[in-house]
Amino acid sequence: MYVAVKGGERAIDNAHRLLDHERRGDAAVPELSLAQIKEQMTLAVDRVMTEGSLYDRDLAALAIKQARGDLMEAIFLLRAYRTTLPRLAVSEPIDTARMTVRRRISATYKDLPGGQVLGPTFDYTHRLLDFRLAAETDAPPPEPERAEARQDETVPRVTDLLNHEGLIEHERPADAAPVGDITREPLSFPAGRDVRLQTLARGDEGWLLGLAYSTQRGYGRTHPFAGEIRMGEVAVEIVPEELGFAIDIGEVTVTECQMINQFKGSKAAPPQFTRGYGLTFGHGERKAMAMALVDRSLRAEDLGEDLVAPAQDQEFVLSHCDNVEASGFVQHLKLPHYVDFQGELVTVRTLRKDHDKRQEAADAAE
Amino acid sequence: MRPSDDTLAGYNFAYLDEQTKRMIRRAILKAVAIPGYQVPFAGREMPLPYGWGTGGIQVTASIIGPDDTLKVIDQGADDTTNAVSIRRFFATVADVATTEKTTEATVIQTRHRIPEKPLTEDQILVYQVPIPEPLRWMEARETETRKMHALEDYGVMHVKLYEDIAHLGRIATSYDYPVKVNGRYVMAPSPIPKFDNPKMDRMPALQLFGAGREKRIYAVPPYTRVDSLDFEDHPFEVQTWDHACALCGSTESYLDEVVIDDQGGRMYVCSDTDFCGDRQAAQAQEAAE
């Protein structure tokens, strides 16, 4: 006689063992080291840190190794670890004007104070597979010429330059209320910009990219210009209570994007340029730009614009942008649902019987 | 108390830190005070995926103590993979006793079923909830549904049920069948089959519902009225089978249909494995006597 599925415990143990085995791959190939991931898979590490909401290159590298290179799985690992960490202090806002800039470009001005710095970018590479890399010669690439170090020098943000003319909206907190914290308070709607930006910052890059793209194709157009994109190191400061002044506790690499959007004005606001803002850990230009476009889109309601497109709908955008949530819920369909399915079977069979009876009655009447 | 497993060294009892547990307990207390009302809470990431019971796990983690005995079921069974995984999680991080016996458990975490054996005042039933909002399929917006609950504006739900009757001659919802709690809030009972709905009514055990991804907790206090929505001329009814359980012969329990060949062969067995096992054991003993 058939015995209902049993042995879940043993199956799970064996599945874990198989997984370990698959992760390691061919034992004749040397094991991947965390240092290699950290140094040579830098952009993967950056993405995992950004969407995992934890700036720690070593842990991100470990997560990537453990997840067999599945970045969403790695993001989940890091996020689940992050939530157990105590909160020792809250930093001062980082000042990106004081960034040690490694890349800084503006699409709105030909030249500007601080200059244009191309930095390490894929932008003008020809996407040809480089078979020299396949040779694995171990020879270091030729030494690049670097822009002069601009340490301890302020590089003004493009939006600040526009601000002098009063042509761009002022950016300041709407009120004195403390900044929200989506890791301590559940998201509720309508969400303020602080909460929206936090949610977008840890939101899935693919989701934001698709939404940003939709605004460019006419679904809630925002007339954007890439005012500025900068990447580099910024200092993180905290103010310990016993000292009363800010001390530097280290630096983080961030990518910041300020979109400048044409705005013809509405009942609520005069004609001026408006802003969209994006920020990621590490070098995350695509994400930062997409985030800035979506941020601007979500401001439609505040600016009195018509709400016509998905990217302007904060419940739609924010409720679905977290890939840890989305991945879990989509994949939960793998779990057994046979109790509910049995209920549906009973219902469909009953409905079929009703239907057949009605059909028979109708046929007999003819 | 610290969990013994090395990989979990450094984590607090029952995984969550005490501050988080207190936050969740406050949400639970509010939920108990307003039966059927969805209380937002700052749900945490758990080391298990969203949609796989993180809400139930957080509720259980917040209420469980070292003296508790935990039972975890999925589809009524203790041996389904996710139930095994969650039970192991608590055995590791909280070092609590676990059981497969409904009667021995003080806390029962469940997905999709209520045990067949009536629960007692000394037990707490924790449901895993995927979508806590019963109105979600009629109104996608949280801002709107919260308003509808506040105004007790449940017309759309009755219209939906009425449309089923108009189109199909009967209400076609077979699981997650909406209920009204204490005559006030319409509540999603989680995707339990409607067969289980009557068990919720005036249940002696405290019923807690955790939705991790959606960050909501709600509750039905002991002995609270829970009515399944219906119409006078179309009263609520539960599933019935023409078969008995092939293993224990029960005609009162919820049955799973098992396909045994490709010729249309089926057998029906209890979905509640502990209930079925107890009945089989009793029958074996009777036969031996």
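Conventions used here
Numbering of residues begins from 1 in every chain and follows the order in which that chain's sequence is written. Both sets of labels track the order of writing: A upward for chains, 1 upward for ligands. Residues qualify for local features only when their pLDDT is at least 70, as the model is predicted, and side-chain atom pairs are given and counted only at 80 or more; totals for whole chains, interfaces and linings, by contrast, use all residues. In DSSP terms, a helix is any run of H or I states spanning at least four residues, a strand is any run of E spanning at least two, and both are numbered starting from the N terminus. With C-beta atoms placed from the backbone, the exposure class of a residue follows from how many other C-beta atoms lie within 10 Å of its own: 20 or more, buried; 12 or fewer, exposed; in between, partly exposed. Domain borders in the structure are assigned automatically or taken from a domain database. Each residue gets a C-beta atom placed from its backbone, and two residues are in contact if those atoms lie within 7 Å. In this classification, Asp, Glu, Lys and Arg are treated as charged, Ala, Val, Leu, Ile, Met, Phe, Trp, Tyr, Cys and Pro as nonpolar, and every other residue, Gly included, as polar. Each axis is a line fitted through C-alpha atoms, and for a helix only the stretch in contact is used; angles between axes span 0 to 180 degrees, taken between their N-to-C directions. Angles below 35 degrees are treated as roughly parallel, those above 145 as roughly antiparallel, those between 65 and 115 as roughly perpendicular, and all remaining angles as oblique. Each crossing is labelled by how the near helix is turned from the far one, with a counterclockwise turn of less than a right angle marking it left-handed and a clockwise turn marking it right-handed. Pairing between strands is defined by DSSP: at least two bridges between the two strands are required. Defined on buried residues, the nonpolar core groups Ala, Val, Leu, Ile, Met, Phe, Trp, Tyr and Cys residues joined through C-beta atoms within 7 Å. Multiply 1.5 Å by the residue count of a helix minus one, and that product is the helix's expected span.

Any chance you could explain the overall build of chain A here in plain terms?
From N to C terminus, chain A includes 13 helices and 4 strands. Counting only C-alpha atoms and orienting by the principal axes, one finds that chain A spans roughly 85 × 65 × 55 Å. Per-residue burial over chain A gives 31% buried out of 366 residues.

Got a minute to help me understand the domain arrangement of chain A in this structure?
Interface size is often expressed as the accessible area that is lost when the parts come together. Residue and element names in this part refer to chain A. Its domain assignment divides chain A into domain 1 (11–82) and domain 2 (96–121 + 147–321). The straight-line distance from the C-alpha centre of domain 1 to that of domain 2 is 29 Å. Taken together, the contact between domain 1 and domain 2 spans 9 residues of the former and 10 residues of the latter. Considered class by class, the residues forming the side of domain 1 that touches domain 2 number 4 nonpolar, 2 polar and 3 charged.

Would you take a moment to explain the packing of helix α9 (residues 205–216) of chain A against helix α10 (residues 285–298) of chain A for this structure?
Geometrically, a packed helix pair is captured by the angle between its two axes and the distance between the axes. Residues and elements named next belong to chain A. Axis separation between α9 and α10 bottoms out at 8 Å; the angle between their running directions is 55 degrees. When the axes of α9 and α10 are compared, the pair comes out oblique. For the crossing formed where α9 meets α10, the hand is left-handed. Between α9 and α10, the residues in contact are E205, L208, L209, L211, A212 and T215 and R286, K287, A290, M291, L293, V294 and S297, respectively. Here the contact of α9 with α10 is built from residues that sort into 8 nonpolar, 2 polar and 3 charged.

Got a minute to help me understand the interface of chain B and chain A in this structure?
In this complex, chain B contributes 47 residues to the contact, which on the side of chain A involves 38 residues. Secondary structure elements with two or more residues in the side of chain B that touches chain A: α3 (81–93), α4 (142–150), β11 (255–259) and β12 (266–270) of chain B. In terms of residues, the side of chain B that touches chain A owes the most to one element, α3(B), which gives 4 residues. The class makeup of the residues in the side of chain B that touches chain A is 20 nonpolar, 14 polar and 13 charged.

I keep staring at the sheet that holds strand β7 (residues 185–187) of chain B and nothing clicks. Help me out?
Across a sheet, strands are paired by hydrogen bonds formed along the backbone, either parallel or antiparallel in direction. All names here are of chain B. One open sheet accounts for 3 strands, arranged β7-β6-β10; its pairing is antiparallel. Both edges of this open sheet fall to β7 and β10 (226–228), since each of them pairs with a single strand only. Each strand of the sheet is rotated relative to its neighbour by a mean of 35 degrees, with strand direction disregarded. In the sheet, strand β6 (residues 179–181) pairs with β7 via 3 bridges, with the strands oriented antiparallel. The partner of V181 across the bridge, within β7, is Y185.

Sorry, what's going on with the sheet that holds strand β2 (residues 224–238) of chain A here?
Residues and elements named next belong to chain A. With antiparallel pairing, the 4 strands of this open sheet are ordered in space as β1-β2-β3-β4. Both outer strands of the open sheet, β1 (100–105) and β4 (274–281), are each paired with one neighbouring strand and no more. Going across the sheet, the axis of each strand differs from the next one's by a mean of 20 degrees, ignoring polarity. For β1 and β2, the ladder comprises 5 bridges, and the chain directions are antiparallel. Considered in β2, the bridge of I105 is made with I229.

Can you help me understand the pairing of β12(B) in this one?
Working note: regular strand, side chains alternate between the two faces of the sheet. All names here are of chain B. Pairing of β11 with β12 involves 5 bridges; the strand directions are antiparallel. Paired with V259 across the bridge in β12 is R266. Once β11 ends, the chain turns through 6 residues before running back antiparallel as β12, passing G264 with a positive phi of about 85 degrees.

Where do I start with the nonpolar core in this structure?
Nonpolar side chains tend to gather and get buried jointly when the protein is soluble and globular. Counting 112 residues, the largest nonpolar core has A:V48, A:A60, A:L78, A:V294, B:I28, B:A31 and B:I217 as its most contacted members. Looking at this core element by element, the count peaks at 8 residues for α10(A). Non-local contacts of A:A60, meaning those with residues more than four positions away in its chain, are made with A:V45, A:V48, A:M49, A:G52 and A:L78. One finds A:V339, B:C245, B:L255 and B:C276 within the second-largest nonpolar core, a separate group that totals 10 residues.

What is the right way to look at the environment of B:C248 in this model?
Residue and element names in this part refer to chain B. Here C248 shows up in the loop between β10 and β11. With 18 C-beta atoms packed within 10 Å, C248 lands in the partly exposed category. When the C-alpha atoms of C248 and V269 are compared, they prove to be 8.0 Å apart, with 21 residues separating the residues in sequence. If sequence neighbours within four positions are ignored, C248 has contacts with C270, C276, R279, Q280 and Q283.

Can you help me understand the domain arrangement of chain B in this one?
Residue and element names in this part refer to chain B. Domain boundaries in chain B define domain 1 (6–228) and domain 2 (241–289). For domain 1 and domain 2, the distance between their C-alpha centroids amounts to 27 Å. Domain 1 puts 14 residues into the contact, and the matching count from domain 2 is 7 residues.

I'm lost on the packing of helix α3 (residues 42–52) of chain A against helix α5 (residues 71–82) of chain A in this one. Help?
Residue and element names in this part refer to chain A. Two elements in contact, α3 and α5, have axes separated by 8 Å at closest approach and are oriented at 45 degrees. When the axes of α3 and α5 are compared, the pair comes out oblique. Crossing of α3 over α5 shows right-handed handedness. Between α3 and α5, the contacting residues are A44, R47, V48, E51 and G52 on the first element and L71, A74, I75, L78, R79 and R82 on the second. Of the residues assigned to the contact of α3 with α5, the class counts are 6 nonpolar, 1 polar and 4 charged.

What is the right way to look at helix α13 (residues 338–365) of chain A in this model?
Residue pairs three or four apart in sequence face the same way in an α-helix, which turns once every 3.6 residues. With 28 residues, α13(A) ought to run about 40 Å at 1.5 Å a step, and its terminal C-alpha atoms sit 40 Å apart, in line with that. Among all positions of α13(A), only A:V339, A:Q342, A:G343 and A:V346 are buried. Among the structural elements, β11 of chain B are those in contact with the buried residues of α13(A).

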